[in-house]
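Structural description and commentary
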Amino acid sequence: MILLEKNGVKTPELGNALMIDVRTESDEVDCKQWIFDFQNKKNGPLAYDTETTGLDYFADVRLLQIADRDTAWVFDPAQFPELVALAFGNTKHFTAHNSTFDALHIGRLIHPTDSTKAAKETERIMSLTTDTQVLANLLDPRGRKDGGDHSLKGLTKKFVTPEATDGQEALMDYFRENKWSKAEGWLKADRWHPAYWHYAGRDPLYTRRLHDVLQAKVNESSVQELQDFDHKVIRVLAGMTSRGFTIDREYGAQLLESLYDDIDRCEKQALIYGVEKIASGAQVSEALMVAGVELTEKTATGKWKMDSDVLQSIDHPLAKLVLEGKYARKMASTWVESILAASETDGKLHTRFNASGTITDRMTADHGLQTMPAGDSKVRSMFIPRESDMDIYQFDFANIELRLAAAMSGEPKMINAFKNGDDLHSILAEHLFGSDFTEADRKRAKQTHFCWLYGGGSHALSKNCGITNQEAKILLERQKRLYPKLTRWSRSNIERLEYGAAVVKTPTGRKIPVNPKQKYKATN
């Protein structure tokens, strides 16, 4: 329940902390005085948040909210730009939840016509910001599906008050009354409708109080040293998003047309074999069996498997057509179309990066940038230097997973191989198949290495290598004998999960919870 007051709106779940809407010049004067007083008191960080017309980088900011523990101010930054300049020009410490999203928009508010200055402003604000989402991730990196929660409302309910409400229900009711979809609602809602601005005003109050609780917990934990590092990472990534990647849109359009032609050609040629839709596994499998191809793998629902691994193992023209057509369609829909659409405004791709995209703190990015084909430069060629005197270089770690395994386990055979510049896959291939091993044997050795590293068993290895399950078991056992210290290290990691806490601590001090039912993840 929200109690209306002359000087603002009370939030009962926060001890009647106030939310104040700024709509007049008199309101602006009051807000300015509050900001001056806040900056002079230096009593903790200033929380900030934004409400935008959408999630796009170029979405407009409809409301900007700032708060301490007890008072939130909500205003239209286009109407009161001086409040933006005052709050973000002189404050020395901020806090925000998922600060990257808001800081990017604030940087553009302050420098709307100069992308370079906007990027620098975003980085400056983030250098002064403690992100409560980063703190929460340090304490527990699990996502919702694994039992964690990094959402502002979920964390507030857990650490601040179980009565926390995000006003989402009232806001969605407002959207439904106007027959708006969620996307339309964010764009069309009256910014001063109570359901909208009350929803906005709560967030910085929650963030400010959550900051104090989480910061204290991080200070008491063994992950405190990672806090500065993780904040530096998100600051750099935000700068990359703001500056953007320059896209060769003319080349991209030509590439898209070429991919469409490839799809059309493959579909027309597939008609010869009675396949109207190459995406239909049922049609493709039926046509292959009519042609005399023997299929052996089925899905859990009893249908014939027609994934890439299966199709690549089939020596038939239709299988090659389906693979080629599917690949062209994926290239078009996953990357080219997405990148062209996102770069339409200024010719740049302002992709968003998630520094902690997985429980192991692995980075992810929008537009599928981290999954672009490594051996095909078509999509990558869309990215060009933003200046004529610049070049783009591509770097990749050489056998980084094996190097880390060697260093962490202290396996001398692996360490000596790396020091001598030897090929580890060839060493394993010789151990498994003899000195006269073939290139195909080396590929199997490589698969054996990575199957072990990522916790795959004999079934996964047999599928990847096209061998029997018994043959795969033999390869994995021989590998263990080649690297005894590595094997003992792996076993000790698993035993710690069986008899101790279900947590793996990395060499940097990061704690990663592991499901005891998935003990193989203790190593990978």
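Residues numbered from 1 in each chain as written. Predicted model: local features only at pLDDT ≥ 70, side-chain atom pairs only at ≥ 80, totals over all residues. Heavy atoms only, no water.

**As for the overall build of the chain**
Defined as follows: Numbering of helices and strands runs from the N terminus; a helix is a DSSP stretch of H or I covering at least four residues, while a strand is a stretch of E covering at least two. Buried means the residue's accessible area, taken with a 1.4 Å probe over protein chains only, is under 20% of the maximum for its type, while exposed means over 50%, and partly exposed covers the values in between. Any two residues having at least one pair of non-hydrogen atoms within 4.5 Å are treated as being in contact. Using a 1.4 Å probe, accessible areas were evaluated by the Shrake-Rupley method; residue-level cover was limited to the displayed protein chains. Only four residue types enter the charge count: Lys and Arg as positive, Asp and Glu as negative, with His and the chain ends excluded. A charge is said to be at NZ when it belongs to Lys, at CZ for Arg, at CG for Asp and at CD for Glu.
For the chain, the helix and strand inventory stands at 21 helices and 14 strands. The principal-axis extents of the C-alpha atoms in the chain amount to approximately 85 × 55 × 55 Å. In the chain, buried positions account for 43% of the 524 residues. The contacts of the chain with a sequence gap of at least 6 include a subset with a gap of at least 24, amounting to 64%. Total accessible area on the chain stands at roughly 27,900 Å², and carbon and sulfur atoms take up 50% of it. Averaging the positions of the 70 positive and the 74 negative side-chain charges in the chain gives two centres separated by 6 Å.

**Things to note about the pairing of strand β2 (residues 8-11)**
What counts, and what does not: Here a strand pair is declared whenever DSSP counts at least two bridges between the two strands.
Examined bridge by bridge, β2 and strand β3 (residues 17-22) share 3 bridges and lie antiparallel to one another. In the strand pairing of β3, Lys10 is matched with Leu18. Between β2 and β3, which pair antiparallel one after the other, the connecting turn spans 5 residues, and Gly15 there sits at a positive phi close to 65 degrees.

**Observations regarding the confidence of the model for the chain**
Definition in use: The quantity known as pLDDT measures the predictor's confidence residue by residue, on a range of 0 to 100.
Confidence along the chain averages 90 in pLDDT terms, with 97% of residues attaining 70 or more. Note that residues 1-6 has pLDDT below 50 and, in this model, 10 contacts with residues that lie over four places away or in other chains.

**A short note on helix α7 (residues 168-177)**
Under the convention used in this document: As used here, the arc is the angular range of directions from the helix axis to the C-beta atoms.
Within the sequence span of α7, burial applies to Leu171, Met172, Tyr174 and Phe175. Each buried residue of α7 sits inside an arc of 155 degrees when the element is viewed along its axis, so together they form one side. Every exposed residue of α7 that faces more than 90 degrees away from the buried side is listed here: Glu169, Arg176 and Glu177. Looking at the buried positions of α7, the neighbouring elements they touch are α8 (182-188) and α9 (194-220). Of the residues trailing α7, Lys179 is marked for its positive phi of about 55 degrees.

**Things to note about the packing of helix α3 (residues 99-110) against helix α4 (residues 115-127)**
Relative orientation and spacing of two packed helices are given, respectively, by the angle between their axes and the distance between those axes. What counts here: Here an axis means a line fitted to C-alpha atoms, over the contact stretch when the element is a helix, while the angle between two N-to-C directions is reported on a 0 to 180 degree scale. In these notes the angle categories are as follows: under 35 degrees is roughly parallel, over 145 is roughly antiparallel, 65 to 115 is roughly perpendicular, and the rest is oblique. Crossings are sorted by hand: turned counterclockwise from the far helix by less than a right angle, the near helix makes the crossing left-handed, and turned clockwise it makes it right-handed. Each residue gets one of three labels, nonpolar for Ala, Val, Leu, Ile, Met, Phe, Trp, Tyr, Cys and Pro, charged for Asp, Glu, Lys and Arg, and polar for the others, Gly among them.
As a packed pair, α3 and α4 sit with axes 8 Å apart at the nearest point and diverge in direction by 135 degrees. Here α3 lies oblique to α4, going by the angle between them. For α3 against α4, the interelement crossing comes out right-handed. Contact residues: Ser99, Thr100, Ala103, Leu104, Ile106, Gly107, Arg108 and Ile110 in α3; Ala118, Glu121, Thr122, Ile125 and Met126 in α4. Each residue belonging to the contact of α3 with α4 can be placed in one class, and the counts come to 7 nonpolar, 4 polar and 2 charged.

**Brief notes about the packing of helix α6 (residues 152-159) against α9**
Close contact between α6 and α9 brings their axes to 10 Å; oriented N to C, the two are set at 60 degrees. When the axis of α6 is compared with that of α9, the two are oblique. Handedness of the α6/α9 crossing: left-handed. Between α6, through Leu152, Lys153, Leu155, Thr156 and Phe159, and α9, the contact on the second element is made entirely by Asp203, Tyr206, Thr207, Leu210, Val213, Leu214 and Lys217. By residue class, the composition of the contact of α6 with α9 is 7 nonpolar, 2 polar and 3 charged.

**Topic: the nonpolar core**
Short version of the rule: Nine residue types can take part in a nonpolar core, namely buried Ala, Val, Leu, Ile, Met, Phe, Trp, Tyr and Cys, and a core is a set of them joined through side-chain atoms within 4.5 Å.
Counting 52 residues, the largest nonpolar core has Tyr48, Ile66, Phe88 and Ile339 as its most contacted members. With near-sequence residues (within four places) excluded, Ile339 lies in contact with Ile247, Leu349, Leu369, Val379, Met382 and Phe383. Met172, Trp180, Ala200 and Tyr206 belong to the second largest nonpolar core, which has 31 residues in total.

**Notes on the packing of aromatic side chains**
Worth spelling out the cut-off: Whether two aromatic rings pair depends on their centres lying within 6.5 Å, for rings of Phe, Tyr and Trp, where Trp uses its six-membered ring; planes under 30 degrees apart make the pair stacked, over 60 edge-to-face, and the rest tilted. For a lysine, the NZ atom is tested; for an arginine, the CZ atom; a charge sits over a ring if that atom is within 6 Å of the ring centre and within 35 degrees of the ring normal.
Scanning the model with the defined rule gives 16 aromatic pairs in all. With a centroid separation of 5.6 Å and 85 degrees between ring planes, the pair formed by Phe175 and Trp186 is classed as edge-to-face. One end of the pair, Phe175, is in helix α7; the other, Trp186, is in helix α8, and 11 residues separate them in sequence. The pair Phe175 / Trp186 is uniform in exposure class, with both members buried. Relative to Phe353, the ring of Phe245 has its centre 6.5 Å away and its plane inclined at 70 degrees; by these criteria the two rings are edge-to-face. You can see Phe245 sitting in strand β9 (residues 245-246) and its partner Phe353 sitting in strand β11 (residues 353-354), a full 108 residues away along the chain. For Phe353, a relative accessible area of 19% corresponds to the buried category. The ring centre of Tyr196 lies 5.4 Å from the NZ or CZ of Arg62, which sits over that ring.

**Regarding the pattern of salt bridges**
Heads up, the rule is: The working definition used for a salt bridge is a side-chain nitrogen of Lys or Arg within 4 Å of a carboxyl oxygen of Asp or Glu.
Following the criterion strictly, the structure yields 24 salt bridges and no others. Between Glu13 and Arg202 there is a salt bridge, and its shortest N-O distance comes to 2.6 Å. Placement of Glu13 in the loop between β2 and β3 and of Arg202 in helix α9 is noted, with a sequence separation of 189 residues between them. Of the two residues examined, Glu13 and Arg202, each falls in the buried class. Linking Asp21 and Arg23 is a salt bridge whose minimum nitrogen-to-oxygen distance equals 2.7 Å. When salt bridges that share partners are traced, they join Glu28, Lys32 and Glu82 into one network.

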